[in-house]
Structure formats: C-alpha cells, structure tokens
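For reference, the chains in residue letters:
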Amino acid sequence: MQRKVLIVEDSKTSMQLMRSLITQAKLRPICTTSLVEAKHVFSSSAPEEYLCAVVDFNLPDAPNGEAIDFAIESFLPTIVVTDKLDEDTRTTILNKNVVDYIPKENAQVYEYLTRLLNRLDKNKKVGVLVIDGSRASRHAMTALLRRQNFITLEAVNAEQGMESLHSNSNIKLAIIDEKMSGMSGLKLISELRKTYSQEDLGIIGISSDTTSGLSALFIKSGATDYLHKPYCHEEFFCRIMQNVERLENIETIRRVANSDYLTGLPNRRYFFTRVAASLKVTPKLQSLAIIDIDHFKKVNDTYGHDCGDYTLKELAKLVAEYFEDFTAARFGGEEFCVYFSNTAPKKVLQIMQGFREAIASKTLTFEKKSFACTVSIGLTHNSKGGINAMLRLADEHLYSAKNGGRNQVVSD
Ligand SMILES: Nc1nc2c(ncn2[C@@H]2O[C@H](COP(=O)(O)OP(=O)(O)OP(=O)(O)O)[C@@H](O)[C@H]2O)c(=O)[nH]1
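Rules of the game
Residues numbered from 1 in each chain as written. Predicted model: local features only at pLDDT ≥ 70, side-chain atom pairs only at ≥ 80, totals over all residues. Helix = DSSP H or I, 4+ residues; strand = E, 2+ residues; numbered from the N terminus. Rg over C-alpha atoms; globule rule 2.2 N^0.38 Å. Buried ≥ 20, exposed ≤ 12 C-beta atoms within 10 Å, placed from the backbone. Contact = placed C-beta atoms within 7 Å. Pairing = 2+ DSSP bridges. Axes fitted to C-alpha atoms, helices over the stretch in contact; angles between N-to-C directions. Core = buried A, V, L, I, M, F, W, Y, C linked by C-beta atoms within 7 Å. Near = placed C-beta within 6 Å. Nonpolar A, V, L, I, M, F, W, Y, C, P; charged D, E, K, R; others polar. Domains from an automatic or database assignment. UniProt positions renumbered as here; feature names shortened; annotations may be inferred. Expected span 1.5 Å × (residues − 1). Arc of directions from axis to C-beta.

Scanning the protein chain from terminus to terminus reveals 15 helices and 17 strands. Radius of gyration (C-alpha) of the protein chain: 28 Å, far over the 22 Å computed for a compact globule of 412 residues. Dimensions along the principal axes, computed over C-alpha positions, put the protein chain at roughly 85 × 60 × 30 Å. Relative to its full complement of 412 residues, the protein chain shows a buried share of 35%. Across the protein chain, contacts joining residues at least 24 apart in sequence account for 63% of those joining residues at least 6 apart.

Pasting the structure below:
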C-alpha cells in the first residue's frame, strides 16, 4: 500500500514543491490548506495509512503551531516547515515532539525533506546503540532517535555496550560517550574497531569535555564522527542521518559490485569471495556445478536479443529459488555456477537432476511467443585441487554433457 503524507500548508508555492517531492519519494501527498481541513480529512481515513505529516508552523487558522499539536496528538510523526527563523519559534518547535523542522529559506532545504521522508520508513529497521554513563543523557538521545523511528538500545558502560553489539545484528550506529565508569569511550572505540569495520558500524564519539583535539582523537581511535555536548537537536539529527546514509551507500556499492546487472543474481566476483570464506572452515564435502543453457544462440537468433535477456532472467529466478541454501551465481553469458559444501554427493546429483528437469518442463512466454529450453550441467565432487581445479573438472563434464546430446547432467 502506498503510504500517505498529510500536508498542512497554505502557501501555494511551498505546497507545489512538497507535493512533487513526496510523489517522487513514492508516497501519496494528501494536501490540506488549514487546520480545520486537515482535521476533517484526517478523521475520514485510517491513521495507520499515514507515514507522517508535514505541517506549516503558521497557518491562518493556526498561527502559533496549533496544527503541529494536532498532528502530534494524532500520533503522526511530524515534520514542521516554517518561514519564521527567529530563535523563539525555533525553540518552540523543537520543544514539541517533532521529527525535525525545515526552514523555507531556499529550495535546497526541501532536498533535506526528501531524505527525511525516505529515512522515516527505513529507520524502523536501523538500530542505534547509545553508550553513556549518564541516564539523563542516554534518555535525551534515545528520545530524539525515536522521533525519527530508529530502534534504540542503551548501555551504561563499555562491557554492556559490547554485549549489546554482539547480540543485536541490526545495530548500525553506536553513540559513545568519552567518560564512563571502567573503560573510557576512546578505548572502547579502538577495541570495537578490532571487530567492527568502519564499513559495518558507524560510531559517533560524544563528550562535554572542551579539551582541544578531542574530536581528532576520537576520529583517530576509529570514530566516524564527533558531537560536542550540549548539542543542538538539528546537529544531532544531521549527524545521525549522514552516518546512517554513509553506511547505506557503502551497502549499495557492495551490492552493485557483487551482483549481475542483468539478472540481479550474485556475480562471479561474489561467488569466489563466498567460496573462499566457506573454504576457511575446510568443509568435509564439496561439489561444484556449471549450468549452461543449450543452444542459447538460437533463442537470440530466433526470437531476438530481448527474448534472450528475458530467458536469462527467468532462469536466474529459478537458480535463486532452487539453490537458495547454496552459493549460486551467474558466471557470465549463459552460464551459472553453484557451489555446495557439506552436502552428500548423491544428494547434490539429485538436486541437479531435479533442476534440469524443472527447466526442461518449463514453458517460457515472451511477447506472446512460447518456447522451451534445456540446460546441460557439469558436476564435480572432487575438491582435491581447490576451487580452480573444481571449475576445470566441472567444465570438462559440461563439455561431455553437450557432446552427449545436451539436456543432461554429467558428474565424476
Ligand atoms: N541475450 C543475451 N545473449 C547473451 C548474453 N550473454 C551471452 N549471450 C549469447 O549467448 C550465446 C552463446 O552461444 P554459444 O556459446 O554458441 O552457445 P549455445 O548457442 O548456447 O550452444 P551450446 O552451449 O553449445 O549449447 C551467444 O550468442 C551470446 O551472444 C546476454 O547477456 N544476453
């Protein structure tokens, strides 16, 4: 279901801009121009359909943020937009339980709104661990984090913090105070970096200490960022957002580098990384299969290249489904590879025969043309010479399968 965003805004220009940003974020803008209209529209729909509300601070029938109170009382995560930038307004807004506020200074800040909207949904899966000896300080930070839908966890010292990190794989960010009983924040960060790389865990060091060079010391010890206490809400949110986005960007780069562009399956590079990782624990049994589509050139020549691409994507779907519990990849062209560890050779052969039969009995339809295809499979269980030797052996068996008439599995 497309989530709704309730907009309460009387300025036409600002409304237009927000409506287009919210639509671009694949959300459904529900536009209202006054508090009365917002109340009416909201009362006639289910609250859970809404992701959040974007509310103007100053409306003709709600000049002092009354629309914000309405949205918060309706349990809507609320983002405020305002053209009033005086300190009093800013403090009034931030003292309310709002997600954040956007000053209408220039069109650029609306870009921040897009990022914020994206985050509200994604944050529900992101864990942030606050490690701080002061209860008040911990609670202040987790309360702010919850406004943006993060999963929050707390620890009072290094020991608890490490334990929490070990047992919660959804933690992407840790905020670590310098002064704690037992191990200091700086020492804890350098300890954590032995296990958690900068690509896997963001760490924001935090301290009220004014010693010069402390921020640099945090970064040198492995923190990805630093915040000085007391911090302002905006800086807190901006730094959190930047750190979480940095990790997500790394994840995207990793995913792109490891997957095949056409089919979305893991690629050759990922295959070797995964196999190398599983070889570290020297599995007792190993098998490797190369799957090659028969007469694939004919599919391209008869039905066109687009149909060839479609065939590869359909086969990739089956490969992903069938070999979900093993390591499978598109190796290039019309070739797929599957690696099995600790699975009995008889069982592997059975799986491969089952897969071959499933392909042979499948009818593919592209642009109203139906056709079938088959695959030949080379399979080896001989792991004496390592992974490259296994690939050579499987390839030799594949060659025999092709020469033997195709649509068959040849193993050692
Ligand atoms: N559509 C499409 N075709 C591809 C892609 N990658 C490789 N091919 C085509 O796959 C075909 C492979 O042809 P061949 O190596 O002669 O093998 P074959 O026709 O499958 O014959 P056998 O393997 O001997 O059964 C070539 O025509 C390539 O152009 C791709 O990403 N998309």
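Having seen the model, we can carry on.
Turning our attention to the sheet that holds strand β5 (residues 100-103). Here 5 strands make up an open sheet; going across it, the order is β2-β1-β3-β4-β5 and the pairing parallel. The strands lining the two open edges of the sheet, one partner per strand, are β2 (28-32) and β5. If you compare each strand with its neighbour and ignore which way they point, the axes differ by 20° on average. Looking at chain direction, strand β1 (residues 4-8) and β2 are connected through 5 bridges and run parallel. Looking at β2, one finds that Leu6 is bridged to Ile30.

In terms of nonpolar packing, the biggest core is built from 36 residues, with Ala289, Val338, Met352, Ile377 and Ala394 touching the most fellow members. Sorting the residues of this core by element identifies α11 (268-279), β11 (286-293), α13 (305-322), β12 (327-332), β13 (335-341), α14 (345-360), β16 (375-380) and α15 (386-403) as the ones contributing at least two each. In terms of residues, this core owes the most to one element, α15, which gives 6 residues. Setting aside residues up to four positions removed in sequence, Ala394 forms contacts with Leu288, Ala289, Ile290, Gly378, Leu379 and Thr380. Core analysis: the second largest hydrophobic core is formed by 34 residues, Val8, Leu27, Ala62 and Leu116 among them.

The subject of this paragraph is the site of the ligand. Every one of the 16 residues lining the ligand counts as a neighbour, but Asp294, Phe296, Lys297, Gly308 and Gly333 are closest to it. Elements with a contribution of two residues or more to the shell around the ligand: β11, α12 (296-303) and α13. The greatest single-element share of the shell around the ligand, amounting to 4 residues, is contributed by α13. Its residues placed into classes, the shell around the ligand shows 4 nonpolar, 5 polar and 7 charged.

Spatial ordering of the open sheet is given by β12-β13-β11-β16-β17, a layout of 5 strands whose pairing is mixed. With one partner strand each, in any of the chains shown, β12 and β17 (409-411) form the two edges of the open sheet. Taken over all neighbouring pairs, the strand axes of this sheet differ in orientation by 20° on average, direction set aside. Where β11 meets β16, 6 bridges bridge the pair, whose relative direction is antiparallel. Residue Ala289 lies in a different strand from β16, and its bridge partner there is Leu379. Its contacts with the sheet place α11 against β12 and β13, and it is angled at close to 145° to β12.

Further remarks concern the domain arrangement of the protein chain. For the protein chain, the domain assignment lists domain 1 (4-115), domain 2 (126-257) and domain 3 (268-411). On a C-alpha basis, the centroid separation for the pair domain 1 and domain 2 is 30 Å. Each partner contributes to the interface: domain 1 provides 7 residues, whereas domain 2 provides 6 residues. Classifying every residue of the side of domain 1 that touches domain 2 by side-chain character gives 4 nonpolar, 1 polar and 2 charged.

Our focus in this paragraph is the UniProt feature "domain: GGDEF" (unreviewed entry) in the protein chain. Annotation from UniProt places "domain: GGDEF" (unreviewed entry) at residues 284-412. The span residues 284-412 is 47% helical and 28% strand by assignment, and the distance between its end C-alpha atoms comes to 17 Å.

What UniProt calls "modified residue: 4-aspartylphosphate" (unreviewed entry) maps, in this numbering, to Asp56 and Asp177. Spanning 122 residues, the named residues are also spread out in space, since their farthest C-alpha pair is 35.6 Å apart. By the secondary structure assignment, Asp56 is in strand β3 (residues 50-56). Residue classification places Asp56 among the buried positions, given that 25 C-beta atoms sit within 10 Å. Among all residues touching Asp56, those that are not within four sequence positions of it are Val8, Glu9, Asp10, Ala67, Val81 and Thr82. You can see Asp177 is positioned in strand β8 (residues 171-177). The contact partners of Asp177, leaving out residues within four places of it in the chain, are Ile131, Asp132, Gly133, Ser137, Gly185, Ile206 and Ser207.

Before going further, it helps to examine α15. Counted at 1.5 Å a residue, the expected span for α15 with its 18 residues is 26 Å, and the 26 Å between its end C-alpha atoms agrees. All buried positions along α15 are accounted for by Met390, Leu391, Leu393, Ala394, His397, Leu398 and Ala401. Seen along its axis, α15 keeps its buried residues to an arc of 165°; they face one direction. Facing away from the buried side of α15 by more than 90 degrees, the exposed set consists of Asn388 and Asn403. Of the surrounding secondary structure, the elements contacted by the buried residues of α15 are β11, β16 and β17. Note on α15: the residue one or two positions beyond its end, Gly405, has a positive phi of about 120°.

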